[in-house]
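Each chain, written out:
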Amino acid sequence: MSASTTATLRHDWSLAEVKALFVQPFNDLLFQAQTVHRAHFDANRVQVSTLLSIKTGACPEDCKYCPQSGHYNTGLEKEKLMEVQKVLEEAARAKAIGSTRFCMGAAWKHPSAKDMPYVLEMVKGVKAMGLETCMTLGRLDQDQTVALAQAGLDYYNHNLDTSPEFYGSIITTRTYSERLQTLAYVRDSGMKICSGGILGMGESLDDRANLLIQLANLPEHPESVPINMLVKVAGTPLENADDIDPFDFIRMLAVARILMPQSHVRLSAGREAMNEQMQALAFFAGANSIFYGEKLLTTANPQADKDMQLFGRLGILPEAREEHADEVHQAAIEQALVEQKSSEQFYNAAV
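As recorded in an unreviewed UniProt entry, the protein goes by the name Biotin synthase, listed as coming from Pseudomonas frederiksbergensis. UniProt lists a comment for the protein under the heading Sequence similarities (unreviewed entry), and it reads "Belongs to the radical SAM superfamily. Biotin synthase family." The protein has a UniProt comment under Catalytic activity (unreviewed entry) that states "(4R,5S)-dethiobiotin + (sulfur carrier)-SH + 2 reduced [2Fe-2S]-[ferredoxin] + 2 S-adenosyl-L-methionine = (sulfur carrier)-H + biotin + 2 5'-deoxyadenosine + 2 L-methionine + 2 oxidized [2Fe-2S]-[ferredoxin]".

Student: Go over the overall build of the protein, please, and point to the residues and values.
Tutor: Looking only at helices and strands, the protein has twelve helices and twelve strands in total. Looking at the protein as a whole, 54% of its 351 residues are labelled buried. For the protein, restricting intrachain contacts to residue pairs at least 6 apart in sequence, the fraction spanning at least 24 positions comes to 75%. A total accessible area of about 15300 Å² is found for the protein, and carbon and sulfur atoms account for 52% of it.

Student: Just give me the short version of the UniProt feature "binding site: [2Fe-2S] cluster" (unreviewed entry) in the protein, but keep the residues and values in it.
Tutor: As recorded in UniProt, the sites labelled "binding site: [2Fe-2S] cluster" (unreviewed entry) are Cys103, Cys134, Cys194 and Arg266. The greatest C-alpha distance among the residues just named is 13.9 Å, despite their covering 164 residues of sequence, which places them together in space. Turning to its location among the elements, Cys134 is positioned in strand β3 (residues 132–136). A residue is classified by how much of its surface remains accessible, and Cys134, at 3% relative accessible area, is buried. What Cys134 contacts, discounting residues up to four positions off in sequence, is Arg101, Phe102, Cys103, Met104, Leu153, Tyr155 and Asn157.

Student: Residue-level account of the UniProt feature "binding site: [4Fe-4S] cluster" (unreviewed entry) in the protein, with values.
Tutor: Under the UniProt annotation, "binding site: [4Fe-4S] cluster" (unreviewed entry) lies at Cys59, Cys63 and Cys66. Along the chain, Cys59 turns up in the loop between β1 (45–55) and α3 (84–96). Assessed through its relative accessible area of 9%, Cys59 is described here as buried. By secondary structure assignment, the location of Cys66 is in the loop between β1 and α3. In this structure Cys66 comes out as buried when scored by relative accessible area, which is 19%.

Student: Hey, could you go over the packing of helix α1 (residues 15–23) against helix α9 (residues 246–259) for me, with residue numbers and the actual values?
Tutor: Interaxial distance between α1 and α9 falls to 9 Å at its minimum, and their mutual angle equals 135°. The orientation of α1 relative to α9 falls into the category oblique. Crossing geometry of α1 relative to α9 is assigned as right-handed. Touching Val18, Leu21, Phe22 and Val23 of α1 are Arg251, Met252, Val255, Ile258 and Leu259, all from α9. In terms of residue class, the contact of α1 with α9 is built from eight nonpolar, no polar and one charged.

Student: Can you explain helix α5 (residues 142–151)? Please cite residues and give values.
Tutor: All buried positions along α5 are accounted for by Gln144, Thr145, Leu148 and Ala151. The buried residues of α5 occupy an angular sector of 125° when the element is viewed end-on, so they sit on one face. The outward face of α5, more than 90 degrees from its buried face, is lined by the exposed residues Asp143 and Gln150. Of the surrounding elements, those touching the buried residues of α5 are α4 (116–128), β3, β4 (155–157) and α7 (176–189). A side-chain oxygen of the first residue of α5 lies 3.1 Å from the backbone nitrogen of Asp143; this N-cap is Asp141. Gly152, located one to two residues past α5, shows a positive phi value of around 110°.

Student: Can you lay out the pairing of β3 for me, pointing to particular residues and giving the numbers?
Tutor: Burial analysis of β3 places five of its five residues in the buried class, which makes it a mostly covered element. Because side chains alternate across β3, one face comprises the buried residues Glu132, Cys134 and Thr136, and the other comprises Thr133 and Met135, equally buried. In this fold, strand β2 (residues 101–106) hands off to α4, which returns the chain to β3; that crossover is right-handed. Handedness of the β3-α5-β4 crossover: right-handed.

Student: Outline α9, supporting the account with residue identities and numerical values.
Tutor: Along its 14 residues, α9 runs 20 Å from first to last C-alpha, staying within 8% of the 20 Å computed at 1.5 Å per residue. Among the 14 residues that make up α9, eleven are buried, leaving the element largely enclosed by the rest of the structure. If you check which residues of α9 are buried, you get Phe249, Ile250, Arg251, Met252, Leu253, Ala254, Val255, Ala256, Arg257, Ile258 and Leu259. A distance of 2.8 Å separates the backbone nitrogen of Phe247 from a side-chain oxygen at the start of α9, and that oxygen is part of Asp245.

What counts and what doesn't
Residues numbered from 1 in each chain as written. Predicted model: local features only at pLDDT ≥ 70, side-chain atom pairs only at ≥ 80, totals over all residues. Heavy atoms only, no water. UniProt positions renumbered as here; feature names shortened; annotations may be inferred. Helix = DSSP H or I, 4+ residues; strand = E, 2+ residues; numbered from the N terminus. Buried < 20%, exposed > 50% of the residue type's maximum accessible area, 1.4 Å probe, protein only. Contact = heavy atoms within 4.5 Å. Areas by Shrake-Rupley, 256 points an atom, 1.4 Å probe, with all protein chains shown as cover. Axes fitted to C-alpha atoms, helices over the stretch in contact; angles between N-to-C directions. Parallel < 35°, antiparallel > 145°, perpendicular 65-115°, else oblique. Left-handed = near helix turned anticlockwise from the far one by under 90°. Nonpolar A, V, L, I, M, F, W, Y, C, P; charged D, E, K, R; others polar. Arc of directions from axis to C-beta. Polar contact = N/O pair within 3.5 Å; in protein donor to acceptor, adjacent residues only side chain to side chain. Right-handed = clockwise from strand over helix to strand, strands pointing away. Expected span 1.5 Å × (residues − 1).

See the structure below:
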């Protein structure tokens, strides 16, 4: 077994090492990734999250992939910050369909002082339901980060999106160093980090490798690493970007798994365009987290019942919460999946 498949966590990956992982034969890469995965996780458990847009559109950032940017005309209906009670009702629905983490996203450059009290109440309310809490609100200052941590926020999502070298081609309204500073504030506050990137924006292999190097060489690896496939939205500058090769996307997941063995690698945006075989291969490559539900902020996502059916066919079960797991609720989810699988087998036999 190579050194890369051992349990040692590294924070000193070089570009040459990471590119060597990317270009090795596909079967060798997946075997290595699966070996690493099994050393740290149950290979048949996937963490399930639900994502809700709590404030939509009119964002001052100019991210070329984003339909929520105020710089582009995508026909997106702008919405103000949701009422706290409505957010809590959505969180309850997410828990009822089997999510263990509830993520709340706001299209802001950074949260304002007037909005922070409402955001903190959302965190407290969702936490009280027994769900893990996650938010993405843009850039944070140190005081805001501490306030979120004290309210009970478990995870903060702040994606790096791409490599430092390619970043300026995608975003000009926020610097890479500002993103890294927000991640540092989050880590210092005691919260967990959710940070990843997007494939299919015209980046090179070096860019993909350098994105993963930025994440893997942080003093502590992010606990969650979402890997997104670009969802091309009419009206954005990337609406006509070339499709990413599915095998290249799977390679990204596998290399992320090898570089960050103890992180949850999330199969994130773009799943609506992936067939079941591609998703199954993604789980084999080491992806062990998904967003569950019909929508990711503003773009489509496979419906929850389709995910449950796929889980049943693959023998995958949802992962319990890391802390204070609701064992009764978890057992109900698992039983539903067993019944779904049994029902499909009976139906197939009858045919």
